[in-house]
Amino acid sequence: MTSPTSPSTSTSSSRARPEPASLVGGVLTALGILLAATVDMSLLILAALGSFGPGILRELGVLRDHDEFRRQAAWRAGYHAYLAGGFVAVLLIALLEAGTASIGDLAQSAAIVLVVLWLVWGFGSLLAYWGARKAAVRTLLVYGTFWLVFMVLSNLGDAMALLMQCLLVVPLFALAWTAGRWPRSTGVLLLILGVAAIVQFDLYEIVTERRLTAALVLVTFALPMLASGVALVRREAA
C-alpha cells in the first residue's frame with residue numbers, strides 16, 4: 001500500500017528541482033565562458049546574462065518562480081557575495097597600488113567594481129529602510145560630500161580651479177534639499193542631469209574608447225544621480 005507523500009517531502013523535492021530560468025541561465029553562462037575563451041572575450045556577455053539575468057528579472061518582479069524560502073536563501077547568499085567581492089576588490093586595489101597614492105588601470109577596474117558594490121548595496125539598504133525620498137537625500141549628501149572633499153584635496157594650490165570645480169557639486173546638495181519637498185520633479189531633474197553628465201564628460205567613451213577613467217567617473221558621479229532619480233520617479237508614480 002503506497003503512503004501519501006507528506007507536504008514537507010513534496011516541498012523538499014520541489015526545492016531540489018532547479019527552475020527553468022536557472023537552467024537556461026546555467027547554459028548561457030557555460031556557453032559564454034566557452035565562447036569567450038575560444039572565440040572573442042566580448043561574448044562573455046552571455047555569461048553575464050546567464051549568471052545575473054534571472055536574478056535581475058526576479059528582483060524586477062518579471063520572474064516569480066521563487067518561494068519565500070528561496071528568496072531568503074538568495075538574499076543571504078547575495079549579502080555574502082557582497083562581503084566577499086567587496087573585500088577582495090579592496091585587497092586588490094591595496095596590493096596593486098601599494099607604495100603609491102594613485103590608481104592605475106588595473107586598480108581602476110577593481111575600484112569600479114568596488115564602487116558599484118558600495119553604491120548598489122548602500123542605496124538598496126537605504127531604499128528598503130527609509131523609502132525613496134530619504135534614500136535619495138542621503139545618497140546625494142554622501143556623494144556630494146565625497147566629491148567636495150575630493151575637489152578640495154585635488155586643487156589646494158589653485159583657488160580659481162577649486163572654486164570652479166566645487167560649483168559642480170552644488171547641484172547635488174541643492175537636489176538633496178529639493179528631493180524631500182518636490183520628489184518627482186527632483187527625480188526628473190536628476191535623470192536629466194545624470195544623462196547630461198554622461199554627455200558633458202564624454203562618459204560614453206567607456207564603450208567607444210574603453211576608457212576606464214570615464215567608467216570610474218560614471219559610477220561615482222552620474223550613477224548616484226540616475227539611481228536617485230529613478231527611485232524618486234518610480235515612488236511618486238506608484
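First, a word on what this report is: a plain description of the structure on this page.

Analysis parameters
- Residues numbered from 1 in each chain as written.
- Predicted model: local features only at pLDDT ≥ 70, side-chain atom pairs only at ≥ 80, totals over all residues.
- Heavy atoms only, no water.
- Helix = DSSP H or I, 4+ residues; strand = E, 2+ residues; numbered from the N terminus.
- Buried < 20%, exposed > 50% of the residue type's maximum accessible area, 1.4 Å probe, protein only.
- Contact = heavy atoms within 4.5 Å.
- Areas by Shrake-Rupley, 256 points an atom, 1.4 Å probe, with all protein chains shown as cover.
- Patch = residues over 30% accessible without salt bridge, like charges linked within 9 Å, V, L, I, M, F, W, Y side chains within 5 Å.
- Salt bridge = Lys/Arg side-chain N within 4 Å of Asp/Glu carboxyl O.
- Expected span 1.5 Å × (residues − 1).
- Axes fitted to C-alpha atoms, helices over the stretch in contact; angles between N-to-C directions.
- Left-handed = near helix turned anticlockwise from the far one by under 90°.
- Nonpolar A, V, L, I, M, F, W, Y, C, P; charged D, E, K, R; others polar.
- Core = buried A, V, L, I, M, F, W, Y, C linked by side-chain atoms within 4.5 Å.
- Parallel < 35°, antiparallel > 145°, perpendicular 65-115°, else oblique.
- Phe/Tyr/Trp six-rings, centres within 6.5 Å; stacked < 30°, edge-to-face > 60°.

Further remarks concern the overall build of the protein. Looking only at helices and strands, the protein features 11 helices and zero strands. Secondary structure of the protein in N-to-C order comes out as α-α-α-α-α-α-α-α-α-α-α. When the 238 residues of the protein are sorted by exposure, 28% land in the buried category. Counted over contacts in the protein with a minimum sequence separation of 6, partners at least 24 positions apart contribute 60%. Roughly 15200 Å² of accessible area belongs to the protein as shown, and the carbon and sulfur atoms make up 71% of that amount.

On the surface, F87, V88, L91, L92, L95, L96 and L106 cluster together to form a nonpolar patch covering roughly 720 Å² of accessible area. It is helix α4 (residues 68-96) that contributes the most residues to the nonpolar patch, six residues altogether. Considering the arrangement of structural elements, one finds V88 in helix α4. On the basis of relative accessible area, V88 is assigned to the partly exposed category, the value being 45%.

All right, on to the pattern of salt bridges then. Scanning the model with the defined rule gives four salt bridges in all. E19 is paired through a salt bridge with R58; the nearest N and O atoms lie 4.0 Å apart. Remark: R58 occurs in helix α3 (residues 45-59) and E19 occurs in the loop between α1 (7-16) and α2 (20-38); sequence separation between them is 39 residues. Residue classification places E19 among the buried positions, given a relative accessible area of 8%. Take R58: its relative accessible area is 18%, and that puts it in the buried class. Through salt bridges with shared partners, a single network forms among E19, R58, D65 and R70.

Turning next to α4. Taking 1.5 Å per residue, 29 residues should reach 42 Å; α4 reaches 42 Å between its end C-alpha atoms and fits that length. By the burial criterion, the buried members of α4 are R70, Y82, G86, A89 and I93.

Where helix α5 (residues 105-130) contacts helix α6 (residues 132-154), the axes come no closer than 7 Å and their chain directions differ by 145°. Read as a crossing pair, α5 and α6 show a hand that is right-handed. Only A132, K134, A135, A136, R138, T139 and Y143 of α6 make contact with α5, whose side of the interface consists of V115, L119, F123, L126, L127 and W130. For the contact of α5 with α6, a count of residues per class yields 10 nonpolar, one polar and two charged.

Ranked by size, the top nonpolar core spans 21 residues in total, and within it L140, L172, L190, F221, M225 and L232 carry the most contacts. Among the elements of the structure, α6, α8 (170-179), α9 (183-200) and α11 (212-237) are those that each provide at least two residues to this core. If you tally residues by element for this core, the top one is α6, at seven residues. In this structure L190 touches L140, L175, M225, S228, G229 and L232, once residues within four positions along its chain are discounted. I112, L114, L119 and L216 belong to the second largest nonpolar core, which has 13 residues in total.

To continue, consider the packing of α6 against helix α7 (residues 159-166). Taken N-terminus to C-terminus, the directions of α6 and α7 make an angle of 165°; their axes are 9 Å apart at the nearest point. Taken together, the axes of α6 and α7 are roughly antiparallel relative to one another. Crossing hand, α6 versus α7: right-handed. Residues L148, M151 and V152 of α6 touch α7, and the partners they reach there are L162, Q165 and C166.

Let us look at the packing of aromatic side chains. What the rule picks out here adds up to eight aromatic pairs. Arranged with centres 5.5 Å apart and planes meeting at 80°, the rings of W147 and F150 form a pair that is edge-to-face. With W147 and F150 both in helix α6 and three residues apart, the pair spans about one turn of that helix. A relative accessible area of 10% means that W147 is categorised as buried. Exposure remark for F150: the relative accessible area of 42% places this residue in the partly exposed category.

So, on to the side chain of T186. Its location among the elements puts T186 in helix α9. Excluding anything up to four places from it in sequence, T186 contacts L175, T178, A179 and L232.

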